[in-house]
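Coordinates in review
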Amino acid sequence: MAVSRYLAFIHHTSNVSYSPLTITFLGTGTSSGVPMIACPCEVCHSVNRKDKRLRTSILVQSATTTLVVDTGPDFRHQMLRANVTHLDAILFTHPHKDHVAGLDDVRAFNFFSGQPMDIYANELTQEVIIREFPYAFSEKKYPGLPELTLNSIDTEPFVVGDILVTPVLVWHLKMPVLAFRFGSFTYITDANRIDEAEKEKIKGSEILVINALRKDQHVSHFSLSEAIAIARELQIPQTWLTHMSHQMGMHDNVNRELPNGVALAYDTLKIKI
Ligand SMILES: [Zn+2]
Ligand SMILES: [Zn+2]
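Being a predicted model, the structure only gives us computed values, none of them experimental. (Residues numbered from 1 in each chain as written. Chains lettered and ligands numbered in written order. Predicted model: local features only at pLDDT ≥ 70, side-chain atom pairs only at ≥ 80, totals over all residues. Heavy atoms only, no water.)

Examining the overall build of the chain
Along the backbone of the chain there are 8 helices and 14 strands. Computed over its C-alpha atoms, the radius of gyration of the chain comes to 18 Å, within 12% of the 19 Å expected for a compact globule of 273 residues. Counting only carbon and sulfur atoms, one obtains 55% of the accessible surface of the chain, whose full area is about 12600 Å². (Helix = DSSP H or I, 4+ residues; strand = E, 2+ residues; numbered from the N terminus. Rg over C-alpha atoms; globule rule 2.2 N^0.38 Å. Areas by Shrake-Rupley, 256 points an atom, 1.4 Å probe, with all protein chains shown as cover.)

Below is the structure:
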């Protein structure tokens, strides 16, 4: 309880002095991306660019610091598309493939900065990263391999450059996933449940990003109505939905049906906080 009061104190007192942040949605699609390979559906054949969703990730930028949340299979394309020429750190939510598979391409940033990349992840995610990219952690390394510095995080706030990050624990069926709060902005992906105590850490956010897979229920993701219910319960003024499947439907059609203050995010969307 003391911890959550302390966090509430940080959030409520420091919003005004937070450095302004720009958030860029690098990807807003579920694990298969949209369009999905070989799918004949109308969403996968839509000509609306908002129906084209790379795997879920965001870029968070202050005046001096740039970090990315997750490096899915589209990481390289996302860095090129957003013209990211410097990256200070990578924050990981959880170790599923659609959130870690692109990590190898961090090599380019190592090459130009001459520095290892700071990785912030919980123990579970670190284990998977070491298992899936063993060559990056071998004693004798080939030149040109990824250079990574692992930093352990759990639910304690930490600072990257001038950005204060508060992790929030959420659940992806039985897997713990880290959501992240940056000032008045909270980013949640791959969740279907949030404990009451952790909801306290989200309250007071002006902007919430939360995963909504599709209209029908799913075992490990919030559905559209479940995500909207969380946003209402936490009294969030503006909510953006992410990690969407082609089963959600056409962007423009679904967006029109949403209540005030809730909208589907789309790739390349930028918001300032
Ligand atoms: Zn995912
Ligand atoms: Zn489809």
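So, the pairing of strand β8 (residues 163-172)
With 9 of its 10 residues buried, β8 lies for the most part within the structure. Pairing of strand β7 (residues 158-160) with β8 involves 3 bridges; the strand directions are antiparallel. From the neighbouring strand, valine 160 faces β8, where its bridge partner is isoleucine 163. (Buried < 20%, exposed > 50% of the residue type's maximum accessible area, 1.4 Å probe, protein only. Pairing = 2+ DSSP bridges.)

A short note on the side chain of threonine 186
By the secondary structure assignment, threonine 186 is in strand β10 (residues 185-187). Within the structure, threonine 186 has its side chain in polar contact with the side chain of serine 205 (distance 2.7 Å). Every residue in contact with threonine 186, bar those within four places of it in the chain, is listed here: Phe180, Arg181, Ile202, Ser205, Ile207, Leu208 and Val209. (Polar contact = N/O pair within 3.5 Å; in protein donor to acceptor, adjacent residues only side chain to side chain. Contact = heavy atoms within 4.5 Å.)

Considering the coordination of the zinc ion (ligand 2)
Looking at the metal site, the zinc ion (ligand 2) is ligated by Cys39 (SG), Cys41 (SG), Cys44 (SG) and His246 (ND1), spaced 2.0 to 2.3 Å from it. Classification of the site at the zinc ion (ligand 2) as tetrahedral follows from its 4 donor atoms and the range of 106 to 117 degrees in their angles at the metal. Along the chain, the residues donating to the zinc ion (ligand 2) fall in the pattern C-x1-C-x2-C-x201-H. Pair noted here: cysteine 44 is in the loop between β1 (22-27) and β2 (57-61) and histidine 246 is in the loop between β12 (238-242) and α8 (251-257), with a separation of 202 residues, a long-range link. Accessibility expressed as a relative area gives 7% for cysteine 44, which makes it buried. Of the residues examined, histidine 246 reaches a relative accessible area of 16% and is grouped as buried. (Donors = N, O, S within 2.8 Å, 3.2 Å for Na, K, Ca; no water. Tetrahedral: all angles 85-135°; square planar, octahedral: opposite > 155°, others 65-115°.)

Topic: the sheet that holds strand β5 (residues 117-121)
Spatial ordering of the open sheet is given by β6-β5-β4-β3-β2-β1-β14, a layout of 7 strands whose pairing is mixed. Looking at which strands have only one partner, the edges of the open sheet turn out to be β6 (148-152) and β14 (270-272). Averaged over neighbouring strand pairs, the angle between their axes works out to 25 degrees when direction is ignored. Of the pairings in the sheet, the one linking strand β4 (residues 89-91) to β5 comprises 3 bridges and is parallel in character. Looking at the pairing, leucine 91 lines up with tyrosine 120 of β5. (Axes fitted to C-alpha atoms, helices over the stretch in contact; angles between N-to-C directions.)

Re the confidence of the model for the chain
Summing up the model confidence of the chain, the mean pLDDT is 93 and the portion of residues at 70 or higher is 93%. Note that residues 1-6 has pLDDT below 50 and, in this model, 0 contacts with residues that lie over four places away or in other chains. Per-residue pLDDT stays below 50 along residues 12-17; that stretch engages in 3 contacts with residues further than four places along the chain or on separate chains. (pLDDT = per-residue confidence, 0-100.)

Structural notes on the coordination of the zinc ion (ligand 1)
The zinc ion (ligand 1) binds to the protein through Asp98 (OD), His99 (NE2), Asp190 (OD) and His243 (NE2), with metal-donor distances spanning 2.1 to 2.2 Å. Of note is the zinc ion (ligand 1), whose 4 donor atoms meet at the metal with angles of 93 to 160 degrees in an arrangement that counts as irregular. Read from N- to C-terminus, the donor residues coordinating the zinc ion (ligand 1) fall into the pattern D-H-x90-D-x52-H. Of the two residues, aspartate 98 is situated in helix α3 (residues 97-100) and aspartate 190 in the loop between β10 and α6 (196-202); the sequence distance between them amounts to 92 residues. Like aspartate 190, aspartate 98 is buried.

Observations regarding the packing of aromatic side chains
The final tally for this structure, using the stated rule, is 6 aromatic pairs. An angle of 85 degrees between the planes, with centres 5.0 Å apart, marks the rings of phenylalanine 111 and phenylalanine 112 as edge-to-face. Judged by relative accessible area, phenylalanine 112 falls into the exposed class, the value being 69%. Three or more aromatic residues joined by ring pairs make a cluster, and in this case those are Phe180, Phe182 and Phe185. Its guanidinium or amino end placed over the ring of tyrosine 266, lysine 50 lies 4.4 Å from that ring's centre, counting from NZ or CZ. (Phe/Tyr/Trp six-rings, centres within 6.5 Å; stacked < 30°, edge-to-face > 60°. Lys NZ or Arg CZ within 6 Å of the ring centre and 35° of its normal.)

Here we look at the environment of phenylalanine 112
Looking at the secondary structure, you find phenylalanine 112 in helix α4 (residues 107-113). Expressed as a C-alpha distance, the spacing of phenylalanine 112 and glutamine 238, which sit 126 residues apart in the sequence, is 37 Å.

Digging into the nonpolar core
Residues Leu67, Leu91, Phe180, Phe182, Phe185 and Trp240 are the most contacted members of the largest nonpolar core, which totals 28 residues. Per-element tally for this core: the top contributor is strand β9 (residues 175-182), with 3 residues. Once residues within four sequence positions are removed from consideration, phenylalanine 185 is found in contact with Ile23, Ile58, Phe180, Ile207, Val209, Ile271 and Ile273. Counting 27 residues, the second-largest nonpolar core is a separate cluster that includes Met175, Leu208, Met244 and Val262. (Core = buried A, V, L, I, M, F, W, Y, C linked by side-chain atoms within 4.5 Å.)

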